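# Close look at the chain arrangement
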Amino acid sequence: MLVQQQDDQKKGAFFIEQEGDRLAEMTYSWAGDDKFIIDHTDVSDSLRGQGVGRHLLDAAVNFAREKHVKIIPLCPYAKSVFDKDPIIHDVLR
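Nothing here was measured: the structure is a model prediction, and the numbers come from that model.

### Topic: the sheet that holds strand β4 (residues 35-43)
The strand order β1-β2-β3-β4-β5 describes an open sheet built from five strands, whose pairing is mixed. Of all the strands in the sheet, just β1 (4-7) and β5 (70-73) have a single pairing partner and so form its edges. On average, adjacent strands in this sheet sit at an angle of 30° to one another, irrespective of strand direction. Here β1 pairs with strand β2 (residues 11-18) via four bridges, running antiparallel. Bridge pairing links Gln-6 to Ala-13 in β2. Most of the contacts of helix α1 (residues 52-67) go to strand β3 (residues 21-30), to which it runs at about 35°, and overall it touches β1, β2, β3, β4 and β5. Each of β3, β4 and β5 touches helix α2 (residues 76-84); the most contacted strand, β5, lies at about 115° to it.

Listed below in structure tokens is the structure:
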């Protein structure tokens, strides 16, 4: 499952597309140069139950680690994963 990213330095998204259709997406907004806010996660019904949301979050965490920035998880899904998984707290703001 290929997670792609778009980023315009103000907003961005991690997403999965299939035949030009965006089937899963985790959107974020930059809050300064050192952190971004995950504000929404959406996974199509056809992909539910396959761990796709976690794949998107893992891509966000890897991106934050590479860029040495922090994540503020306002999205209920992202927040719940951060609450349960201490291994990703290094990027939590």
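### Digging into unusual backbone geometry
In the Ramachandran plot, Glu-19 falls in the positive-phi region, its phi being about 55° despite a non-glycine side chain. With respect to the helices and strands, Glu-19 occurs in the loop between β2 and β3. Classification of Glu-19 as exposed rests on a relative accessible area of 80%. Its identity as a non-glycine residue notwithstanding, His-68 has a phi of 55°, on the positive side. Note that His-68 resides in the loop between α1 and β5. Residue classification places His-68 among the exposed positions, given a relative accessible area of 71%.

Cut-offs and rules
Residues numbered from 1 in each chain as written. Predicted model: local features only at pLDDT ≥ 70, side-chain atom pairs only at ≥ 80, totals over all residues. Heavy atoms only, no water. Pairing = 2+ DSSP bridges. Helix = DSSP H or I, 4+ residues; strand = E, 2+ residues; numbered from the N terminus. Axes fitted to C-alpha atoms, helices over the stretch in contact; angles between N-to-C directions. Contact = heavy atoms within 4.5 Å. Buried < 20%, exposed > 50% of the residue type's maximum accessible area, 1.4 Å probe, protein only.

Note that every value here comes from positions in space, so none of it alone points to a role or purpose.
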